[in-house]
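Close look at the chain arrangement
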Amino acid sequence: MPRNIIDVTDLTVKEINELIDTAEDIAANPEKYREACRYKQLATLFFEPSTRTRLSFESAMLALGGSVLGFSEANSSSAAKGETVGDTIHTVSCYADIIAMRHPKEGAPYAAAQYTEVPIINAGDGGHNHPTQTLTDLLTIHREKGRLGGFTIGFCGDLKFGRTVHSLVNALCRYEDVNFVLISPLELKLPRYVKEEALKKRGIPYKQTDSLEAVMPDLDILYMTRVQRERFFNEEDYLRLKDSYILTPEKLERAKADLSILHPLPRVNEISVAVDKDPRAAYWKQVKNGKFIRMALILKLLDIQV
Ligand code: NCD
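Now for a quick tour of the structure. These figures come from a predicted structure and were not determined experimentally. (Residues numbered from 1 in each chain as written. Predicted model: local features only at pLDDT ≥ 70, side-chain atom pairs only at ≥ 80, totals over all residues. Heavy atoms only, no water.)

Regarding the pattern of salt bridges
- The tally for this structure, following the rule as stated, stands at 19 salt bridges.
- A salt bridge links arginine 143 to glutamate 24, with the nearest nitrogen and oxygen atoms 3.1 Å apart. Of this pair, arginine 143 sits in helix H5 (residues 131-145) while glutamate 24 sits in helix H1 (residues 13-28); the two residues are 119 residues apart in sequence, bridging distant segments of the chain.
- Among the ionic contacts, a cluster of salt bridges with common partners joins Arg3, Glu15 and Lys300. (Salt bridge = Lys/Arg side-chain N within 4 Å of Asp/Glu carboxyl O. Helix = DSSP H or I, 4+ residues; strand = E, 2+ residues; numbered from the N terminus.)

As structure tokens, this is what we get:
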């Protein structure tokens, strides 16, 4: 059976920590890995828009000496002719050694994995999960804080539809002494199933609030998110909620001096550009880390030792 990464819990904590070690080695010694995936092909099948995830996967494979193929919108694939996801995957697995797939429907990568022997990586499924963004986030937290655990993290914005939040909560609840602060408007709270499965089942305490200002001084990490317009049922609700939180230098005055600010990007309005200059802003470093950790993941799934 191939090894698929559909959910972040498909990896043990030990495996995640090993991926982080490999990513650190890749960042320090990129030349060592230049030929590691020679003659291997990665397919990126993106049925939904993407900049960072798709390009970081492609850039990762190219930096490993492999090659890439794929499509970046459903309209340019046979999905537009009515082909099923299963048949598309079956076809692509005749060409590629590993597949990264993004789809607007929750569970689509899991379904796709039933049609192939080639490893499938979930690159985001609807409002559900985004495990490789979580690996990126974990590497960033590890690099910024020097540890994974023993901190208070605030998730702010669209916790309902934000798949990166769901996966990161699922991952971090397996580490020691993480305090979760969930900051959102009432309508965009973290879904009950994530709270039940990740936090309540383990007896992990968490705080819910709609005020970022009130909790700002407590946070070691602030994970900002975009309000996910494409998942709303009506535009009016989106327009009402889209600017619920806008992080500005003024709001950061009450934050800890060693706060780390993360955002999976793209940002719309939720972090003012003036914050980019603040040394606590880690989101551009996060983009770079996404390439290193995806390189590590590709090597692992293809069972290549360097
Ligand atoms: C995120 C996603 O696609 O879920 N982006 C990303 O992959 N870096 C976050 C978002 O779109 O808001």
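Now, onward.
Comments concerning helix H2 (residues 52-63)
- In a regular helix each residue adds 1.5 Å, so 12 residues correspond to 16 Å; H2 covers 15 Å between its end C-alpha atoms and thus fits that length.
- The complete set of buried residues in H2 reads Thr53, Arg54, Ser56, Phe57, Glu58, Ala60 and Met61.
- The elements touched by buried residues of H2 are strand E1 (41-46), strand E2 (67-71), strand E3 (98-103), strand E4 (120-125), H5 and helix H10 (283-301).
- Taken from the residues just after H2, glycine 65 is the one with a positive phi, measuring 85°. (Expected span 1.5 Å × (residues − 1). Buried < 20%, exposed > 50% of the residue type's maximum accessible area, 1.4 Å probe, protein only. Contact = heavy atoms within 4.5 Å.)

Things to note about the sheet that holds strand E6 (residues 178-183)
- Across the sheet, 5 strands lie side by side as E7-E6-E5-E8-E9; this open sheet has parallel pairing. Of all the strands in the sheet, the pair left with one neighbour each is strand E7 (206-209) and strand E9 (260-262). Each adjacent strand pair in this sheet contributes to an overall mean axis angle of 20°, direction not counted.
- The pairing of E6 with E7 spans 4 bridges and is classified as parallel. Residue pairing for E7: phenylalanine 180 is matched across the bridge by tyrosine 206.
- Most of the contacts of H5 go to E9, to which it runs at about 165°, and overall it touches strand E5 (151-156), strand E8 (221-224) and E9. (Pairing = 2+ DSSP bridges. Axes fitted to C-alpha atoms, helices over the stretch in contact; angles between N-to-C directions.)

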